[in-house]
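Residue-level structure breakdown
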Amino acid sequence: MTEGKNTVQMPHQLILEDRRALTVSGVSDVDSFDEVTVTVYTDMGELTVKGEGLHINRLNIETGELTLEGSIQSLTYAEVPSRSGGFFGRLFK
């Protein structure tokens, strides 16, 4: 077996509807989430969603799909840092 990350990038797309519903494709992992902040990893960088009453409706890491609802106030990208796995990566090891 070879060690390393899968280098195939998933398509990355954001669909924001009325600042209440967000669909994100290309999600590789979720780092953290609560009612005011959701942080996910994508091939385009770390995406932080801030708002109020945020709730993850659907998460499928295999297809890279994430849907969430709430009052969305900001979407912020940061470069992808080297990491040891996000919340779900650590949870399911």
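Our subject is the structure listed above.
Only a predicted model underlies this, so the values are computations on that prediction, with no experimental measurement involved.

**Examining the sheet that holds strand E5 (residues 45–60)**
- The six strands lie next to each other as E1-E2-E6-E5-E4-E3, forming an open sheet whose pairing is antiparallel. On the outer flanks of this sheet lie strand E1 (13–17) and strand E3 (27–33), each paired with one strand and no other. Averaged over all adjacent pairs, the angle separating strand axes in this sheet is 35°, with direction ignored.
- Judged from the five bridges that link them, E1 and strand E2 (residues 21–25) form a sheet pairing that is antiparallel. Across the sheet, Leu 16 pairs through a bridge with Leu 22, a residue of E2.

**Structural notes on a nonpolar patch on the surface**
- Among the surface-exposed residues, Leu 14, Leu 16, Met 44, Leu 75 and Tyr 77 lie close enough to one another that they form a single nonpolar patch of about 420 Å² accessible area.
- Listing elements by their share of the nonpolar patch, those giving two or more residues are E1 and strand E6 (65–78).
- With respect to the helices, strands and loops of the structure, Tyr 77 is situated in strand E6.
- Overall, Tyr 77 belongs to the partly exposed group, its relative accessible area being 37%.

**Description of the environment of Tyr 77**
- For Tyr 77 and Thr 39, which are 38 residues apart along the polypeptide, the C-alpha to C-alpha distance reads 9.7 Å.
- Beyond its immediate stretch of four places on either side in the chain, Tyr 77 contacts His 12, Leu 14, Thr 42, Met 44, Gly 45, Glu 46 and Leu 47.

**Comments concerning the nonpolar core**
- Leu 22, Val 24, Val 27, Val 30, Val 38, Val 40, Leu 47, Val 49, Leu 54, Leu 66, Leu 68 and Ile 72 form the largest nonpolar core, which has twelve residues in total.
- Those elements giving two or more residues to this core turn out to be E2, E3, strand E4 (37–42), E5 and E6.
- Dropping the residues within four chain positions of it, Leu 68 is found in contact with Arg 20, Ala 21, Leu 22, Val 38, Val 49, Leu 54, His 55, Ile 56 and Asn 57.

**Quick word on the pairing of E4**
- E4 sits mainly inside the fold: five of its six residues count as buried.
- Strand direction decides the pairing type here: E3 and E4, joined by five bridges, are antiparallel. Within the sheet, the bridge partner assigned to Val 30 lies in E4 and is Val 40.
- By the bridge criterion, six bridges tie E4 to E5 in an arrangement that is antiparallel. Bridge pairing in E5 links Thr 39 to Thr 48.

**Quick word on the side chain of Thr 39**
- Within the element layout of this structure, Thr 39 appears in strand E4.
- A residue is classified by how much of its surface remains accessible, and Thr 39, at 7% relative accessible area, is buried.
- Thr 39 has contacts with Val 30, Asp 31, Ser 32, Glu 46, Leu 47 and Thr 48, leaving out every residue within four places of it along the chain.

Scoring rules and cut-offs
Residues numbered from 1 in each chain as written. Predicted model: local features only at pLDDT ≥ 70, side-chain atom pairs only at ≥ 80, totals over all residues. Heavy atoms only, no water. Pairing = 2+ DSSP bridges. Helix = DSSP H or I, 4+ residues; strand = E, 2+ residues; numbered from the N terminus. Axes fitted to C-alpha atoms, helices over the stretch in contact; angles between N-to-C directions. Patch = residues over 30% accessible without salt bridge, like charges linked within 9 Å, V, L, I, M, F, W, Y side chains within 5 Å. Areas by Shrake-Rupley, 256 points an atom, 1.4 Å probe, with all protein chains shown as cover. Salt bridge = Lys/Arg side-chain N within 4 Å of Asp/Glu carboxyl O. Buried < 20%, exposed > 50% of the residue type's maximum accessible area, 1.4 Å probe, protein only. Contact = heavy atoms within 4.5 Å. Core = buried A, V, L, I, M, F, W, Y, C linked by side-chain atoms within 4.5 Å.

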